[in-house]
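# Structure at a glance
Okay, here's what each chain looks like letter by letter:
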Amino acid sequence: MELETIIAQACELDETVRGHRRHLHEHPELSFEEHATADYIASVLEQEGIFCRRVAGTGVLARIEGRGDLHRAVVLRADIDALPIEEQNAVAYASKNHGVMHACGHDLHAAVLLGTLTLLNRRRTELCGTLFGLFQPGEELCPGGASLVLKEDPFAGYEVQAVVGEHVDPDLPTGVLGFRPGKYMASSDELRITVRGEGGHAAMPQRLKDPVVAAAAVITALQQVVSRNADSRMPTVLSIGRVVADGATNVIPDQVYMEGTLRTFNEVWRTEAKRRVCEIVRHTVAAYGTEADVRISDGYPCVVNDPTLTEQARRLVGELFGAGHTVELDLRPTAEDFGYYTQRYPSLFFRLGVGGTDPATGEAGKLHTSCFNPDEKALHYGVANLTALALRLAEAEV
Ligand code: NI
């Protein structure tokens with residue numbers, strides 16, 4: 001595999017890939033509504049003579065068959081949904097769909113994957129096994145497109161060697177890629193707690209069962225999960241972000257409603273932490289003579305990177321672009337539905353720098369904001385890297 005040739009081919013394709021990115025950016029669609037997005041992706045693939053079909057409703061699954069044992073497969077995954085944000089960038093290709101914007105870079109992810117599949121299809125005689133390009137819908141919305149993809153089990157009958165996902169990062173300079181072996185992103189569960197008491201005149205609390213004071217005690221007591229129950233080596237976040245006690249200066253309400261999030265980096269501890277939340281709420285409200293309902297909606301699982309794959313990919317970036325083009329990432333308490341793939345297959349999720357020459361200037365803006373404006377020069381780094389990685393992973397399968 002000639003790495004310099006791959007870089008040259010990625011550069012040649014750069015204008016086309018930028019065109020895909022700008023088209024997708026101009027026409028963003030919300031999670032699970034990616035109809036035009038999927039049509040566009042399928043039409044590009046068909047023009048290149050790449051087989052594809054729909055998956056998980058509005059997703060697209062491309063397939064390129066190489067030589068050798070076609071049951072061995074590598075999956076490259078890009079998410080394709082946008083966010084409910086009104087774009088404020090004054091660019092020619094700004095969003096035409098009011099109130100919807102590609103503010104998390106999923107337009108870049110899809111464009112990089114389109115470019116990568118184009119190059120890999122031209123080199124398919126060098127590929128061993130089957131290569132899947134997965135354009136996944138609904139990353140931003142629970143239950144997450146990844147869980148729907150896996151429910152359809154499109155890789156049944158294949159031995160999946162690796163699932164590879166990439167995400168843009170405005171805090172990394174363009175041309176720099178970030179890796180982290182093992183635990184990387186958090187699990188995320190939603191907490192909904194209703195504390196029920198007996199409301200009435202706030203001047204005579206002795207006649208009531210005050211759910212407000214009980215709820216306040218619950219908020220404080222729940223921090224024990226983080227400070228007393230979590231092993232100090234197990235980063236954990238528990239935040240209550242919404243509290244509704246709809247009384248008045250002189251009225252104690254009958255109930256208080258609260259919402260929050262619980263994040264961990266370990267699936268065993270995650271289960272235990274959820275059990276502790278229920279226990280702490282139950283006992284705390286009982287001490288105040290009140291009762292509570294606790295509902296916990298399971299969100300995305302932790303993203304855990306396969307250490308061997310991570311090291312392989314990190315080393316390859318060094319060979320491709322030279323030393324200094326990789327960084328070790330910190331743990332990240334945000335969540336990604338890519339976690340579902342990491343539970344089932346050896347997987348790798350890494351970051352592609354889009355922050356320009358100096359991310360400190362903040363020119364690329366922040367993810368999930370109306371001013372997010374990633375550096376498009378990152379596209380050819382993304383295509384060259386993903387192409388080389390797919391070829392190397394496929395080579396390793398012989
Ligand atoms: Ni994202």
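What you see is a predicted model; the values in this text were computed from it and never measured.

Our focus in this paragraph is unusual backbone geometry. Between C142 and P143 the backbone carries a cis peptide bond, its omega angle lying at 10°. Mapped onto the elements of the fold, P143 is located in the loop between β4 (130–136) and α5 (145–152). For F32, which is not glycine, the phi torsion reads 65° and is therefore positive. As for its position among the elements, F32 is in the loop between α2 (14–26) and α3 (35–47). The class of F32 is partly exposed, set by a relative accessible area of 25%. Positive phi is not limited to glycine here, since A56 has a value of about 50°. Summarising the element assignment, A56 is placed in the loop between β1 (51–55) and β2 (59–65).

This next bit is on the pairing of strand β5 (residues 159–169). Here β5 lies mainly inside the structure; 9 of its 11 residues are buried. Sheet topology places strand β3 (residues 72–79) next to β5; 6 bridges connect them, and they run parallel. Of the residues in β5, the one forming a bridge with L76 is V164. Looking at chain direction, β5 and strand β16 (residues 347–353) are connected through 7 bridges and run parallel. Among the inter-strand pairings, H167 is bridged to a residue of β16, identified as R351.

Moving on, we get to the pairing of β2. In terms of burial, β2 is a largely internal element, 5 of the 7 residues being buried. In this antiparallel pair of consecutive strands, β1 and β2, the connection spans 3 residues, and A56 shows a positive phi of 50°. Here 6 bridges tie β2 to β4, and the two strands are oriented antiparallel to one another. What sits directly across from I64, in β4, is L131.

Inspection of every chain in the model, using the stated rule, returns 9 aromatic pairs. Here the aromatic rings of F155 and Y345 are separated by 6.2 Å at their centres, their planes lie at 75°, and the arrangement is edge-to-face. On the criterion of sequence distance, the pair formed by F155 in the loop between α5 and β5 and Y345 in the loop between α10 (339–344) and β16 is long-range, its members being 190 residues apart. Here the two residues F155 and Y345 agree in accessibility, since each one is buried. A centroid spacing of 5.0 Å and a plane angle of 35° characterise the contact between F338 and F349, whose relative ring orientation is tilted.

Take the sheet that holds strand β6 (residues 177–179) next. A sheet is described by the order of its strands in space; here 8 strands give the open sequence β1-β2-β4-β3-β5-β16-β6-β15, paired in mixed fashion. The open sheet has two edge strands, β1 and β15 (326–328), and neither has a second partner. Neighbouring strand axes in the sheet, compared pairwise and without regard to direction, differ in orientation by 25° on average. Its contacts with the sheet place helix α9 (residues 307–321) against β5, β6, β15 and β16, and it is angled at close to 160° to β6. Taken strand by strand, helix α11 (residues 378–395) contacts β3, β4, β5, β6 and β16, and its axis lies near 155° from that of β16.

To continue, consider the domain arrangement of the protein. A common measure of how large an interface is: the accessible area buried when the components associate. Examined at the domain level, the protein breaks down into domain 1 (3–185 + 302–393) and domain 2 (187–297). Just the C-alpha atoms count here: the centres of domain 1 and domain 2 sit 39 Å apart. The partner domain 2 presents 8 residues to the 10 residues of domain 1 that form the contact. Counting each side, the surface lost to burial between domain 1 and domain 2 is near 770 Å², with a carbon and sulfur contribution of 65%. The largest share of the area that domain 1 buries against domain 2 comes from K183, C302 and P333, three residues that together contribute 57% of it. Between domain 1 and domain 2 we count 0 salt bridges in total. Seen at the junction of domain 1 and domain 2, the total is 2 residue pairs in polar contact (both at pLDDT 80 or more).

What counts and what doesn't
Residues numbered from 1 in each chain as written. Predicted model: local features only at pLDDT ≥ 70, side-chain atom pairs only at ≥ 80, totals over all residues. Heavy atoms only, no water. Helix = DSSP H or I, 4+ residues; strand = E, 2+ residues; numbered from the N terminus. Buried < 20%, exposed > 50% of the residue type's maximum accessible area, 1.4 Å probe, protein only. Pairing = 2+ DSSP bridges. Phe/Tyr/Trp six-rings, centres within 6.5 Å; stacked < 30°, edge-to-face > 60°. Axes fitted to C-alpha atoms, helices over the stretch in contact; angles between N-to-C directions. Contact = heavy atoms within 4.5 Å. Domains from an automatic or database assignment. Buried area = accessible area lost by both parts, 1.4 Å probe. Salt bridge = Lys/Arg side-chain N within 4 Å of Asp/Glu carboxyl O. Polar contact = N/O pair within 3.5 Å; in protein donor to acceptor, adjacent residues only side chain to side chain.

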